[in-house]
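A closer look at the structure
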Amino acid sequence: MLKGKKIVVGVSGGIAVYKVCYLVRRLKDLNAEVDIVMTENATKFVSPLTFETLSGRPVTVDIVKEGYNGLVPHITLANKADMIVVCPATANIIGKFACGIADDALSTLLVASHCPVMLAPAMNVHMYESVAVQANLETLKKRGVLFANAKEGFLACGETGKGRMAEPQEIADHIVEVLTTPKDFEGKRVLVTCGATSEPLDGVRCITNYSSGKMGCAIAHNALQRGAKVTMILGSHSATVPSGVEVVPVVTTEQMYQETLKRAQDFDVFVMAAAPCDYRPEKVSDTKIKSKDLTINFVKNPDIAKAVGLVKGDKKLVVFSAETDNGIEYATKKMKEKNADFVVLNDVKANVVFGSDYNKVTIIDADSMQDYPNMPKEEVAALILDKVLKI
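Here's a quick rundown of the structure. (Residues numbered from 1 in each chain as written. Predicted model: local features only at pLDDT ≥ 70, side-chain atom pairs only at ≥ 80, totals over all residues. Heavy atoms only, no water.)

What follows covers the environment of Tyr279. Assignment of secondary structure puts Tyr279 in strand S15 (residues 279–281). Put simply, Tyr279 and Asp293 are 14 residues apart on the chain and 21 Å apart in space, counted from C-alpha to C-alpha. Leave out the neighbours within four places in its chain, and Tyr279 touches Glu199, Phe298, Val299, Lys300 and Asn301. (Helix = DSSP H or I, 4+ residues; strand = E, 2+ residues; numbered from the N terminus. Contact = heavy atoms within 4.5 Å.)

Once their charged atoms are close, side chains differing in charge can pair, the charge on each being opposite to the other. Applying the stated criterion across every chain yields a total of 19 salt bridges. Here Asp103 makes a salt bridge to Lys96, at a shortest N to O gap of 2.7 Å. Assessed through its relative accessible area of 12%, Lys96 is described here as buried. A network of salt bridges, in which partner residues are shared, links Glu33, Asp35, Arg57 and Lys80. (Salt bridge = Lys/Arg side-chain N within 4 Å of Asp/Glu carboxyl O. Buried < 20%, exposed > 50% of the residue type's maximum accessible area, 1.4 Å probe, protein only.)

A few words now on empty space enclosed by the protein. As enumerated under the stated definition, the model contains one cavity of 30 Å³ or more in all. Taken as a whole, the largest cavity encloses approximately 30 Å³ of empty space. Taken together, Pro121, Tyr128, Leu137, Lys141, Phe147, Asn149 and Ala150 make up the lining of the largest cavity. Among the residues making up the lining of the largest cavity, the classes are represented as five nonpolar, one polar and one charged. (1 Å grid on protein atoms, 1.4 Å probe; cavity = no way out; pocket = protein on both sides within 12 Å on 5 of 7 lines; lining within 4 Å. Points joined across faces, edges and corners; volume = space filled by probe spheres on them. Nonpolar A, V, L, I, M, F, W, Y, C, P; charged D, E, K, R; others polar.)

Axis separation between helix H1 (residues 17–29) and helix H8 (residues 168–180) bottoms out at 9 Å; the angle between their running directions is 40°. In terms of orientation, H1 and H8 fall into the oblique class. Crossing of H1 against H8: the hand is right-handed. Here Lys19, Tyr22, Leu23, Arg26 and Leu27 of H1 come into contact with H8, specifically with Pro168, Gln169, Ile171, Ala172 and Ile175. Grouping the constituent residues of the contact of H1 with H8 by class yields seven nonpolar, one polar and two charged. (Axes fitted to C-alpha atoms, helices over the stretch in contact; angles between N-to-C directions. Parallel < 35°, antiparallel > 145°, perpendicular 65-115°, else oblique. Left-handed = near helix turned anticlockwise from the far one by under 90°.)

Below, the discussion takes up the side chain of Thr252. On the secondary structure map, Thr252 appears in the loop between strand S13 (246–249) and helix H10 (253–261). Overall, the relative accessible area of 14% leaves Thr252 in the buried class. In this structure, Thr252 is in contact with Thr197, Ser198, Glu199 and Pro200, ignoring residues within four places of it in sequence.

Glancing now at a nonpolar patch on the surface. Taken together, the side chains of Ile15, Tyr18, Tyr22 and Phe45 define a hydrophobic patch exposed on the protein surface, amounting to about 470 Å² of accessible area. Its place among the elements puts Ile15 in the loop between strand S1 (6–11) and H1. (Patch = residues over 30% accessible without salt bridge, like charges linked within 9 Å, V, L, I, M, F, W, Y side chains within 5 Å. Areas by Shrake-Rupley, 256 points an atom, 1.4 Å probe, with all protein chains shown as cover.)

Reading across the sheet, the six strands line up as S3-S2-S1-S4-S5-S6 and stay open at both edges, with parallel pairing between neighbours. A single partner strand is all that each edge strand has here, and the edge strands are strand S3 (59–60) and strand S6 (146–147). Pairing of strand S2 (residues 33–38) with S3 involves two bridges; the strand directions are parallel. Looking at S3, one finds that Ile36 is bridged to Val59. (Pairing = 2+ DSSP bridges.)

This structure, assessed with the given rule, holds one aromatic pair. Between Lys300 and the ring centre of Tyr279, over which it is positioned, the NZ or CZ distance is 5.3 Å. (Phe/Tyr/Trp six-rings, centres within 6.5 Å; stacked < 30°, edge-to-face > 60°. Lys NZ or Arg CZ within 6 Å of the ring centre and 35° of its normal.)

Scope: geometric values only; no functional claims are made or implied.
Structure representation (structure tokens):
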């Protein structure tokens, strides 16, 4: 599955180093060529000889003393790698990478890297939750660094919390996903609206909806994996936002409308996966409303998808339609009114959509209609982007 792929595994010092042995073995089973770069502290947990035996390759620890036939190791490895994976990624190496510090073999390799980089953080829960570490993680995410996220559980220090390194099989699965996903969106720019908008009633209350943002995040993730540059106009959400996307946070439908329209000329594909409120209160009270009987007058919010449809030209527009009855009729009408290339129908009466990791959709365009079985939203996202390419 990974035949011909060259992976550099960076190992920094932590008790989870022993798990990396299983990862290297798994990558070799998948026919990858694996090189190992270790920090001095990592060698105190597992010897370089162990990794040399597992990988069949020399291990780099000291860039000053070592060299590959006169070549500079960190540059040689950076140039040959299809992917660099750092596990365990300690607070120390994360901080060095975020700040561009290059004072050993691994940190120097990371600064010289120009291929996808994935980190698998592992540390004490309090270290992981510290302001400094979280700031460094956020910095790296914005740069497009990938993550096999730390897990909750019992830690080697005796405490319980987030900080366990992801299991080797999960990390291997991430690597396979990154290296085998076709880059058929290379050079394309994709804008995804995602999550729910909120409309204030007064100083403490708002009107919103049940959208979790999981579908939009799945689409953004799939587009990113396929080589696209992705921007998310992101409302309220509970989903995990994929690292590597540009995020524009918004609250109200008007804000989502403005942020989307100002970028309308900059993108090749628009996926309207958000659930913006169609209406907003006509008047908003600055203070908490106290009334036994309350009547609220609503006004229509701007139609984001329709506005994009008016100016999109030959760019591609995908809209969603969540319906409780007459789904095909309403979704088809919506597609035509928005000047969309196709519509993704969710029957929310027969299908648990909001907050679920699964979705059952019908994709409708001007010439065809295709029903799909209930499947993970990541798979639905792939179907949607496949459809974009076909049209």
